[in-house]
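Chain residues, written in single-letter form:
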Amino acid sequence: MTTATRLAHHSRWMISPVHDPFFFIATPVLTFAILVPLRAVWVAVALCYIWSYWHLFMQHYGVMRIYDAKEKIFAKRDVHLDGLLTCFAFLTVIFYSAEYMHRIFDTLLNQL
């Protein structure tokens, strides 16, 4: 496994197929199995939206950390600043983009 792959998939709070393949597969299956009979598919749709933004956020954050590792920048301050910069950038795009919010609310309201 390359150093970049190890850095990208090393996190105490991240579920990854590298860490636990069964949990990675079982969680979505069980979630949909519980929500579909309850007619709460909108919850599943909301979870998918949240996960897609979370995944995109973590990909960008991981790339930032990989470039920091190449430059041998490992200070905790820089790690936290990378996270804050990425978080604020994504929140700005999501909340100030009419297209994103319209799509999210339209999809959720159509599921109700």
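The preceding data block contains the structure.
Here we summarise the structure given alongside this text. Here the structure is a predicted model, which means the values were calculated and not measured.

Some words on the packing of helix H3 (residues 41-70) against helix H4 (residues 76-96)
At a minimum axis separation of 10 Å, H3 and H4 run at an interaxial angle of 145°. Considering how the two elements wind past one another, H3 and H4 form a crossing that is right-handed. Contacts between H3 and H4 involve Tyr-53, Leu-56, Phe-57, His-60, Tyr-61, Met-64, Arg-65 and Asp-68 from the former and Asp-78, Val-79, Asp-82, Gly-83, Leu-85, Thr-86, Cys-87, Phe-90 and Ile-94 from the latter. Residue classes in the contact of H3 with H4 are distributed as ten nonpolar, three polar and four charged.

Observations regarding the environment of Leu-47
Mapped onto the secondary structure, Leu-47 falls in helix H3. Taking the C-alpha atoms as reference points, Leu-47 and Thr-31, 16 residues apart in sequence, are found 9.7 Å from one another.

Reading the values: rules and limits
- Residues numbered from 1 in each chain as written.
- Predicted model: local features only at pLDDT ≥ 70, side-chain atom pairs only at ≥ 80, totals over all residues.
- Heavy atoms only, no water.
- Axes fitted to C-alpha atoms, helices over the stretch in contact; angles between N-to-C directions.
- Helix = DSSP H or I, 4+ residues; strand = E, 2+ residues; numbered from the N terminus.
- Left-handed = near helix turned anticlockwise from the far one by under 90°.
- Contact = heavy atoms within 4.5 Å.
- Nonpolar A, V, L, I, M, F, W, Y, C, P; charged D, E, K, R; others polar.

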